[in-house]
Amino acid sequence: MKSEDAAQAKGIHQSRKLPAPELAELWDSIVLDPAIKDQLLSQAVVNFTVRPKVARTVLPLHGAILLVGPPGTGKTSLARGLAQRTAESFKGSRFTLLEVDAHALGSSMMGKTQKAVSDLFSQSIAESAMAGGYTIVLLDEVETLAADRAKLSLEANPIDVHRATDAVLVQLDALAEQHANLLFVATSNFPQAVDSAFTSRCDLVLEIPLPNKAACEQILASCLEGLAATFAPIRRLPASEGFSKVVSELVGLDGRTIRKVVANALTVRKQVALRPEELTMSDLLEAARAAKAARSVRRSS
Ligand SMILES: Nc1ncnc2c1ncn2[C@@H]1O[C@H](COP(=O)(O)OP(=O)(O)O)[C@@H](O)[C@H]1O
Ligand SMILES: [Mg+2]
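Conventions adopted
Residues numbered from 1 in each chain as written. Chains lettered and ligands numbered in written order. Predicted model: local features only at pLDDT ≥ 70, side-chain atom pairs only at ≥ 80, totals over all residues. Heavy atoms only, no water. Axes fitted to C-alpha atoms, helices over the stretch in contact; angles between N-to-C directions. Helix = DSSP H or I, 4+ residues; strand = E, 2+ residues; numbered from the N terminus. Parallel < 35°, antiparallel > 145°, perpendicular 65-115°, else oblique. Left-handed = near helix turned anticlockwise from the far one by under 90°. Contact = heavy atoms within 4.5 Å. Nonpolar A, V, L, I, M, F, W, Y, C, P; charged D, E, K, R; others polar. Near = heavy atom within 4 Å. Polar contact = N/O pair within 3.5 Å; in protein donor to acceptor, adjacent residues only side chain to side chain. Areas by Shrake-Rupley, 256 points an atom, 1.4 Å probe, with all protein chains shown as cover. Domains from an automatic or database assignment. Buried < 20%, exposed > 50% of the residue type's maximum accessible area, 1.4 Å probe, protein only. Arc of directions from axis to C-beta. Core = buried A, V, L, I, M, F, W, Y, C linked by side-chain atoms within 4.5 Å.

**So, the packing of helix 9 (residues 213–228) against helix 11 (residues 255–265)**
Item 1. Where helix 9 contacts helix 11, the two axes come as close as 10 Å, and the packing angle between them is 40°. By the criterion of interaxial angle, the relationship of helix 9 to helix 11 is oblique. Between helix 9 and helix 11 lies a crossing whose hand is right-handed. Contact residues: helix 9 offers Cys 216, Ile 219, Leu 220, Ser 222, Cys 223, Leu 224 and Leu 227, while helix 11 offers Gly 255, Ile 258, Arg 259 and Val 262.
Item 2. Considering only residue class, the contact of helix 9 with helix 11 consists of eight nonpolar, two polar and one charged.

Following this line, the structure appears as structure tokens:
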């Protein structure tokens, strides 16, 4: 078995050395209040400057950060970007980013014993931590892993699942306590579904909001700017009439949907699909209105 397959078998979706070139743009690509970004980065840095040197009895630092917010608000991108920025803050140190496949791990809980699950979860993480350097573990969509036991019906979920979730939580805490060179960064679209035993262990629970009007404008502008790198005439759009009308239409949508609006605007007319440089504000307005309408349909259903 290749080492990659071996890692996957242990519930690790991906392992990479940091800084990684493919993660370089992520942090900056997410439009968010700089104060929130600073707080997030500082928390990750403190985890490695202070946590290894100060007892938990003095400062209750557990080595876990949780990002919560609606889907599409940039949590996964921020978590990866955070790992990158943290590694860059400790130049010359060895950093590894492990991504846990929470869905695979969640389903592997079915029919497994408590021990099998906790072993699965902890082995590869502990191995990385003990190899020296620093390890950041991304637990994406952690609610699938640490499902709130109180909300799970015993009938629908075999007792083993409850035990397994417990085992993962206990293991997580033990791992972070044993290895001060470890940081867990978790994300969740549904904070209500995350076990309070997990959230209470987090050093920072940060809410990532939907973009406000200024952020919507910035996301749209940067998206068009990116397109203009290839289709130069698009560069005129952010300064043209009707831009603010499109921005107003985008308020209430998440960042992923806003980028999708631009992609969809290219398909409003076949002529634009063929010649993207002919994109107009009215194509964008139409796509934005369609996205808004689709959102209200989803909400009311
Ligand atoms: N605030 C934002 N600013 C810029 N782009 C954003 C923002 N939020 C989301 N996106 C874009 O949406 C896409 C999905 O982001 P992702 O990190 O997967 O969100 P989440 O994990 O919250 O669902 C990415 O391409 C990202 O660039
Ligand atoms: Mg995500």
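**A look at the site of ligand 1**
Item 1. Ligand 1 sits among 14 residues. The nearest are Val 31, Gly 72, Lys 75, Thr 76 and Ser 77.
Item 2. In the model, an oxygen atom of ligand 1 is placed 3.2 Å from a nitrogen or oxygen of the Thr 73 main chain.
Item 3. Within the side chain of Arg 259, one N or O atom sits 3.3 Å away from a nitrogen atom of ligand 1.
Item 4. Protein contacts shield 84% of the accessible area of ligand 1, which totals 560 Å² for the unbound molecule.
Item 5. At the level of elements, helix 4 (75–89) and helix 11 are the ones that each hand at least two residues to the shell around ligand 1.
Item 6. Class assignment for the residues of the shell around ligand 1 results in four nonpolar, seven polar and three charged.
Item 7. When residues are assigned to domains, the shell around ligand 1 turns out to be shared by domain 1 (4–207) and domain 2 (213–293), each giving three or more.

**With respect to helix 10 (residues 243–250)**
Item 1. Residues of helix 10 that are buried include every one of Phe 243, Val 246, Val 247, Glu 249 and Leu 250, and no others. Looking straight down helix 10, one finds that the buried residues subtend no more than 160° of arc, so they occupy a single side.
Item 2. Packed against the buried residues of helix 10 are helix 9, helix 11 and helix 13 (281–300).
Item 3. Taken from the residues just after helix 10, Gly 252 is the one with a positive phi, measuring 105°.

**Topic: the nonpolar core**
Item 1. Counting residues in each nonpolar core, the largest one holds 30 residues, and the members touching the most others are Leu 220, Leu 224, Val 246, Leu 250, Leu 279 and Leu 284.
Item 2. Looking at this core, the elements that each hand over two or more residues are helix 9, helix 10, helix 11 and helix 13.
Item 3. Not counting residues up to four positions away in its chain, the partners in contact with Leu 250 are Cys 216, Leu 220, Ile 258, Val 261 and Ala 288.
Item 4. Within the second largest apolar cluster, 28 residues are counted, among which are Ala 83, Phe 95, Leu 183 and Leu 206.

**Some words on the packing of helix 3 (residues 34–49) against helix 4**
Geometrically, a packed helix pair is captured by the angle between its two axes and the distance between the axes.
Item 1. The interhelical angle for the contact between helix 3 and helix 4, taken along N-to-C directions, is 55°, at an axis separation of 10 Å. When the axes of helix 3 and helix 4 are compared, the pair comes out oblique. The interaxial crossing formed by helix 3 with helix 4 has right-handed handedness. Residues Lys 37, Leu 40, Leu 41, Ala 44, Val 45 and Phe 48 of helix 3 form the contact with helix 4, whose participating residues are Leu 78, Leu 82, Arg 85, Thr 86 and Ser 89.
Item 2. Of the residues assigned to the contact of helix 3 with helix 4, the class counts are seven nonpolar, two polar and two charged.

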